[in-house]
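Structure assessment
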Amino acid sequence: QNLREWSGFFKVLCDVSGRLESATRQNLTRRMAEGRNVGIIPGGFEDATLHVQGRERTAMSDRKGLIKYALQHGYALTPIYTFGESETYATFPYLLKPRLWLNRFGIPAVAFFGAPWMPLFPRRNVPIASCIGPPLQLPKLEKPTPEEVSKWHAAYLDALQALFDKHKGECGKPDAKLEIW
């Protein structure tokens, strides 16, 4: 189970929207088979756990399931990076290994603090810019091999890195480095 299914509060919030589903294999493959566009945050809990204020991090080095499903359905993957998110919350950055271990069980091991007047809300004085790269069209392969999945996963990470490097200066982070975990 994931947080959406585990927490009644999050389930209600997602259900009220009518569009938010868990990024499970069943949901992704069903929507892709229908030819629907899907948008997910591939880093999941790990992105939140890795968050350190002022550092640009994403948990994508082992996220290959999405690539496999996109190959099976011939989808295009569009890299998107949001600059400024790393400034919106202060987090507890210690005990990273045990917290990442908890993530494997669907437990978000994150302690964060945002706005002084409402810690659950992000800081308001932070400029945010989402940058969208060109789509990476994947071929349709009914049964992609692990090598094919790895090849396209690397291509996606290269596209994400290129997007980051292209826009970091104009987004106020000229010296930033993207850490891909």
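So, here's what we can say about the structure. Each chain carries its own residue numbering, running from 1 in the direction its sequence is written. Local features in this predicted model are restricted to residues of pLDDT 70 or higher, and side-chain atom pairs are both shown and tallied only at a pLDDT of 80 or more, whereas totals for entire chains, interfaces and linings draw on every residue. Calculated side-chain values reflect all of the structure's heavy atoms, with hydrogen atoms and water omitted.

1. Side note on the nonpolar core
Nonpolar side chains in soluble globular proteins generally cluster together in the buried interior. Filter applied, for reference: Each nonpolar core is a collection of buried residues, namely Ala, Val, Leu, Ile, Met, Phe, Trp, Tyr and Cys, held together in the definition by side-chain atoms within 4.5 Å. The buried label applies to any residue whose accessible area, calculated with a 1.4 Å probe on protein chains only, is under 20% of its type's maximum; exposed applies above 50%, and partly exposed to all values in between. Each helix is a run of H or I in the DSSP string that is no shorter than four residues. Each strand is a run of E no shorter than two, and both are numbered from the N terminus. Contact definition: two residues touch when any of their heavy atoms are within 4.5 Å.
Ranked by internal contacts, the top residues of the largest apolar core, which has 16 residues, are I67, L77, L138 and Y156. Ranked by residues supplied to this core, first place goes to helix α5 (residues 65–73) with 5 residues. Leave out the neighbours within four places in its chain, and L77 touches L66, I67, A70, P134, P135, L136, L138 and Y156. One finds F83, L163, A176 and L178 within the second-largest nonpolar core, a separate group that totals 8 residues.

2. Examining the packing of aromatic side chains
Note the threshold: Here a Phe, Tyr or Trp ring, Trp counted by its six-membered ring, pairs with any other such ring whose centre lies within 6.5 Å, and the pair is stacked when the planes are under 30 degrees apart, edge-to-face when over 60, and tilted otherwise.
Tallied over the entire structure, the rule returns 7 aromatic pairs. Taken together, a centroid distance of 5.0 Å and an interplanar angle of 65° make the contact between Y81 and F83 edge-to-face. When its relative accessible area of 8% is taken as the criterion, Y81 is described as buried. For F83, a relative accessible area of 1% gives the class buried. Three or more aromatic residues link up through ring pairs in this structure, and these residues are Y81, F83 and F164.

3. Details of the side chain of R57
Our working rule: The term polar contact refers here to a pair of N or O atoms within 3.5 Å; inside protein, the definition further demands a hydrogen-donor-capable atom paired with an acceptor-capable atom, and it admits residues adjacent in sequence only when both atoms are side-chain atoms.
With respect to the secondary-structure elements, R57 resides in strand β1 (residues 56–58). In this structure R57 comes out as buried when scored by relative accessible area, which is 15%. A polar side-chain atom of R57 sits 2.8 Å from the main-chain carbonyl oxygen of L50. When residues no more than four places from it in sequence are discounted, the contact partners of R57 are D47, L50, V52, Y81, E179 and W181.

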